[in-house]
Amino acid sequence: MHARAVLRDVAPRCTRAITVDHGSRSEPKGMPPPLQGIKVLDLTRVLAGPTSTMLLADLGADVIKVEEVSRGDDTRSWYPPSAPLSADAPEEASHLPPESAYFLAVNRNKRSITVNFKEPEGLEILHRLVKESDVLVENFISGKLAEFGLGWEDCQKLNPRLIYASITGYGQTGPFRKAAGYDVIVEAEAGLMHITGEPDGPPCKVGVAVTDIATGLYAHGAIMAALLSRQRTGQGVWIDCNLFESQLAGLANIASNYLIAGQEGSRHGTAHPSIVPYQVFPCKDGFIMIGAGNDKQFKLFAETILGRPDLPSDPKFSTNKARVANRQELVALITETLAKEGRDHWIEKLTGLGVPFGPINNVAQTFAHPQVAARQMITEVEHPRAGKIKLVSPAVTYNGKRMPIARPPPYLSQHTNEVLTELGYSAEEIAELRKKKVI
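So, here is what we can say about the structure in this document.

Quick notes on the rules
- Residues numbered from 1 in each chain as written.
- Predicted model: local features only at pLDDT ≥ 70, side-chain atom pairs only at ≥ 80, totals over all residues.
- Heavy atoms only, no water.
- Helix = DSSP H or I, 4+ residues; strand = E, 2+ residues; numbered from the N terminus.
- Contact = heavy atoms within 4.5 Å.
- Areas by Shrake-Rupley, 256 points an atom, 1.4 Å probe, with all protein chains shown as cover.
- Buried < 20%, exposed > 50% of the residue type's maximum accessible area, 1.4 Å probe, protein only.
- Arc of directions from axis to C-beta.
- Pairing = 2+ DSSP bridges.
- Axes fitted to C-alpha atoms, helices over the stretch in contact; angles between N-to-C directions.
- Patch = residues over 30% accessible without salt bridge, like charges linked within 9 Å, V, L, I, M, F, W, Y side chains within 5 Å.
- Salt bridge = Lys/Arg side-chain N within 4 Å of Asp/Glu carboxyl O.

Here we look at the overall build of the protein
So, point 1. Within the protein one finds 17 helices and 15 strands.
So, point 2. Oriented by its inertia axes, the alpha-carbon framework of the protein measures out at about 85 × 55 × 45 Å.
So, point 3. Taking the contacts inside the protein whose residues are at least 6 apart along the sequence as the reference set, 69% of them involve residues at least 24 apart.
So, point 4. Counting only carbon and sulfur atoms, one obtains 56% of the accessible surface of the protein, whose full area is about 22,600 Å².

Structure representation (structure tokens):
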């Protein structure tokens, strides 16, 4: 058995106790990249689509990101912030803007090519890639790619085994099928904003584009399922994944409350509509999240933190149903008590008590969290234009080891010559295509 020691959190303004293993461990074995040999043609940009294809690339797929010739993915221009350029950056990329932090976040492990597929020679490049690919992922408005000869039916004729994943705002059918999809608009239209924010304040968007990210995760899972289906049937699949339905599914218990009981959702700030106390509380010098989700936890909290052993037996607070009914009174009592001391004082008292809690960390404090270092959740990679950059590591480990970041996020058109050569184009043909601005 490993010896264990309790250490204090070194993150700024946080003294939450942590347990650290000491002693030898065998080297994690990991898992061979399961998608090695799978080629993915990535016609997506911004966040939902690139998230899904990045996850496929993490698992070993050869993801070829096709970008617009002069500008590339929209997010390449979304800076500042951006990575500082290295003194020895490739001369061929000297005309490009700096590498935006946004683009770098969701494009690791991919190759980048630029193709104008509105031109016949460009469309021919895409058609060759379709024939060689296992998966195509696109996030154009429904029907748009079919206008260029790259729709599902066009590509299926070229490659009957192709998995074709369409990521849109509202899906391939219905009255909104031609509407563009934007995370913040779908957050508003599919109920999320209505339930986000303080009770007496206006609706709020979530701090990151969660609808985009959720859609990317759904698309990734659907593509993996389609690859398994193809193993059994030998046939490709058209996947219809969209922001609106992903967000509707993401309403979870709020949706169920309405469908089962006709209960309309509402804004509760950081609080929970069905559990009390379960929200952020102010301390003297910061904020802390408390989640006493059952009667046992509330008893511990009331006795040890509030110094009120009478509360658990008070009919107004003895059950969660009663606490929800008397929310205002209980929240006021807790707020008054916690405001008397600083955040670290309450962290120390809550540590090991058995009541869920957590400090409200800013981003710097989050990355200084000891769990980040212990789990190696930051990976440093060498970027050809920016030198050493830090990325968030893939979120999952397999047999104790993460999939590697084998490629840094590419600069625009970094791999065009390489990919076209693999397709059989000669150096002279590539030069001519570049001269015509097809690539």
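Some thoughts on helix H13 (residues 343-350)
So, point 1. Inspection of H13 places Arg-343, Trp-346, Ile-347 and Leu-350 among the buried residues, and these make up the whole buried set. Burial along H13 is one-sided: seen end-on, the buried residues are contained in an arc of 105 degrees.
So, point 2. Tucked into the core, H13 has its buried residues touching strand S10 (287-291), helix H10 (295-305), helix H12 (327-338), strand S11 (357-359) and helix H14 (363-367).
So, point 3. Positive backbone phi, approximately 80 degrees, marks Gly-352, located one or two places after H13.

As for the sheet that holds strand S8 (residues 237-242)
So, point 1. With parallel pairing, six strands are arranged side by side in an open sheet as S5-S4-S3-S6-S7-S8. Of all the strands in the sheet, the pair left with one neighbour each is strand S5 (110-114) and S8. Strand-to-strand twist across the sheet, computed as the mean angle between neighbouring axes with direction ignored, equals 20 degrees.
So, point 2. As defined by bridge partners, strand S3 (residues 39-43) adjoins strand S4 (residues 62-67) across four bridges and the pair is classed as parallel. Within S4, the residue paired with Leu-41 across the bridge is Ile-64.
So, point 3. Along the sheet, helix H1 (residues 48-58) contacts S3, S4, S5, strand S6 (135-138) and strand S7 (163-168); its crossing angle with S5, the most-contacted strand, is approximately 130 degrees.
So, point 4. Along the sheet, helix H8 (residues 243-250) contacts S7 and S8; its crossing angle with S8, the most-contacted strand, is approximately 65 degrees.

A few points about the side chain of Thr-215
So, point 1. Mapped onto the elements of the fold, Thr-215 is located in helix H7 (residues 210-233).
So, point 2. Residue Thr-215 is classed as buried on the basis of its relative accessible area, which comes to 0%.
So, point 3. Residue contacts for Thr-215: discarding those within four places in its chain leaves Ala-48, Ile-167, Cys-241, Asn-242, Leu-243 and Ser-246.

What about the sheet that holds S10?
So, point 1. Pairing is antiparallel in the open sheet, where three strands are placed in the order S9-S10-S11. Looking at which strands have only one partner, the edges of the open sheet turn out to be strand S9 (278-282) and S11. Averaged over all pairs of adjacent strands, the angle between their axes in this sheet comes to 20 degrees, without regard to strand direction.
So, point 2. As judged from the three bridges shared by S10 and S11, these two strands associate in the antiparallel manner. Pairing of Ile-290 across the sheet is with Phe-357, part of S11.
So, point 3. Of the strands in this sheet, S9 and S10 are in contact with H12, which crosses S9 at around 40 degrees.

Comments concerning a nonpolar patch on the surface
So, point 1. Nonpolar side chains collect at one region of the surface, where Val-363, Phe-367, Ile-378 and Val-392 lie side by side and expose about 360 Å² of accessible area between them.
So, point 2. Residue placement: Val-392 occurs in strand S13 (residues 387-392).

Regarding the pairing of S13
So, point 1. Pairing of strand S12 (residues 378-383) with S13 involves six bridges; the strand directions are antiparallel. By the bridge assignment for S13, Glu-382 is matched with Lys-388.
So, point 2. The hairpin formed by S12 and S13 contains three residues between the paired strands.

Function-wise, these values are silent; they only describe arrangement.
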